[in-house]
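# Close look at the chain arrangement
Chain residues, written in single-letter form:
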Amino acid sequence: MKIESNAVVTLLYRLADASTRQLIEDSREPMVYLHGGYGNTFPKLEAALEGQEKGFKTTLTLSPEDAFGARDESLLRTIPKSEFPPGVKVGGQLELRDDQGQPHAFTVAKIKGPQVLLDGNHPLAGKTLSLSVTVTGVRSATAEEIAHRHVHGEHGHHH
Ligand code: ZN
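Each chain has its residues counted from 1, running along the sequence as written. Whole-chain, interface and lining totals are the exception, using all residues; otherwise, since this is a predicted model, local features are given only for residues with pLDDT of at least 70 and side-chain atom pairs are given and counted only at 80 or more. As a convention, hydrogens and water are excluded, and side-chain values are obtained from all of the structure's heavy atoms.

### Remarks on the overall build of the chain
The condition is simple: Helix and strand labels come from DSSP, where a helix needs a run of H or I of at least four residues and a strand needs a run of E of at least two; each type is numbered from the N terminus. For the radius of gyration, the atoms used are the C-alpha atoms, and the globule rule reads 2.2 Å times the number of residues raised to 0.38. Only protein chains enter the accessibility calculation, which uses a 1.4 Å probe; a residue is then buried when its area is under 20% of its type maximum, exposed when over 50%, and partly exposed in between.
In terms of helices and strands, the chain carries two helices and nine strands. Going residue by residue from the N terminus, the α and β elements of the chain occur as β-β-β-α-β-β-β-β-β-β-α. Relative to the globule expectation of 15 Å for 159 residues, the C-alpha radius of gyration of the chain, 19 Å, shows a markedly less compact shape. On the principal axes, the C-alpha backbone points of the chain span a range of 60 × 35 × 25 Å. Taken across its 159 residues, the chain has 35% of its residues classed as buried.

### Describing the sheet that holds strand S7 (residues 103-112)
Basically, it comes down to this: A pair of strands is labelled paired if DSSP reports no fewer than 2 bridges between them. Helix axes use the C-alpha atoms of the stretch in contact, all axes being lines fitted to C-alpha atoms, and the angles between their N-to-C directions lie in the range 0 to 180 degrees.
Read across the open sheet, the four strands follow the order S5-S8-S7-S6; overall the sheet is antiparallel. Each edge of the open sheet is held by one strand with a lone partner, namely strand S5 (76-80) and strand S6 (93-97). Each neighbouring strand pair of the sheet contributes to a mean axis angle of 45°, computed without reference to strand direction. Both S6 and S7 contribute to a ladder of five bridges, which runs antiparallel. Residue pairing in the sheet places glutamate 95 in a bridge with alanine 105 of S7.

### Notes on the coordination of the zinc ion
Ideal donor angles around a metal are set by the shape: a four-donor tetrahedron calls for 109.5 degrees, a six-donor octahedron for 90 or 180 degrees. To keep it simple, the criterion reads: Only N, O and S atoms count as donors, using a 2.8 Å cut-off from the metal and 3.2 Å for Na, K and Ca, and because water is excluded some sites may appear unfinished. Every angle between 85 and 135 degrees makes a four-donor site tetrahedral, while opposite donors more than 155 degrees apart, with all other angles between 65 and 115, make a four-donor site square planar and a six-donor site octahedral; other sites are irregular.
The protein atoms that coordinate the zinc ion are His148 (ND1), His150 (NE2), His152 (NE2) and His159 (NE2), at distances of 2.0 to 2.2 Å. One can describe the site at the zinc ion as tetrahedral: its four donor atoms subtend angles covering 100 to 126° at the metal. In the primary sequence, the donor residues of the zinc ion line up as H-x1-H-x1-H-x6-H. Its relative accessible area of 68% is what places histidine 159 among the exposed residues.

### Description of the nonpolar core
Stated formally: Buried Ala, Val, Leu, Ile, Met, Phe, Trp, Tyr and Cys residues that are joined via side-chain atoms within 4.5 Å together make up what is termed a nonpolar core. The contact rule is simple, with two residues in contact once any of their heavy atoms fall within 4.5 Å.
Val9, Leu11, Leu45, Leu49, Leu62, Leu131 and Val133 are the most contacted members of the largest nonpolar core, which has 19 residues in total. If you list the elements that add at least two residues to this core, you get strand S1 (7-17), helix H1 (43-49), strand S4 (57-62) and strand S9 (129-140). Setting aside chain neighbours within four positions, we find leucine 11 in contact with Pro30, Met31, Tyr33, Leu49, Val133, Thr134, Val135 and Thr136.

### Let's talk about the domain arrangement of the chain
Filter applied, for reference: For the domains described, the bounds stem from an automatic or database domain assignment.
Domain assignment breaks the chain into domain 1 (7-68 + 125-148) and domain 2 (73-119). Taking the mean C-alpha position of each, domain 1 and domain 2 sit 31 Å from one another.

### Looking at the packing of aromatic side chains
Describing an aromatic ring pair means giving the distance of the ring centres and the angle of the ring planes. Quick note on the threshold: Working definition: a ring pair exists when centres of Phe, Tyr or Trp rings (six-membered ring for Trp) sit within 6.5 Å. Plane angles under 30 degrees give stacked, over 60 give edge-to-face, the rest tilted.
Throughout the structure, instances matching the rule amount to one aromatic pair. Taking 5.5 Å as the distance between ring centres and 90° as the angle between the ring planes, the aromatic pair formed by phenylalanine 42 and phenylalanine 68 counts as edge-to-face. In this pair, phenylalanine 42 is assigned in the loop between strand S3 (31-34) and H1 and phenylalanine 68 in the loop between S4 and S5, connecting sequence segments 26 residues apart.

### Comments concerning the pairing of strand S8 (residues 115-119)
Relative to S8, S5 runs antiparallel, the two sharing five bridges. If you follow proline 80 over to S8, its bridge partner there is glutamine 115. Relative to S8, S7 is paired through five bridges, and the arrangement is antiparallel. When the bridges of S8 are listed, isoleucine 111 appears paired with valine 116.

The structure is reproduced here in structure tokens:
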């Protein structure tokens, strides 16, 4: 069947940094999503797959706006090391309140003497990405999956 609204699409993917060609992620398990603008994956990927079938392959270039957004320098923080939970290292994450008081994940960017520099941006924010996908399956969604706006079963939600 063709990929259309309310199709469940299974695919393998490789995600790389488009400028350095460095591999970011290689799907070990297939990814599955509900097609049709449910916000389960990048809109640009959905647009590329619309009307395609099992076996279709493509490589897309995703600008930051198509993927994880531009970097926001207001999400950089410096906190004293004394306020810091023990055992967190560069590259680790911790949750702090953002300016709106909402919990937000920050990555430890650097430890500089008594200070810790934190970055609240998504690690892939600001990057142009190269996404290669191969469609390995297409099926119709169940009524329950459509009502829940996500895929159930293998590689989907379990609840
Ligand atoms: Zn569900």
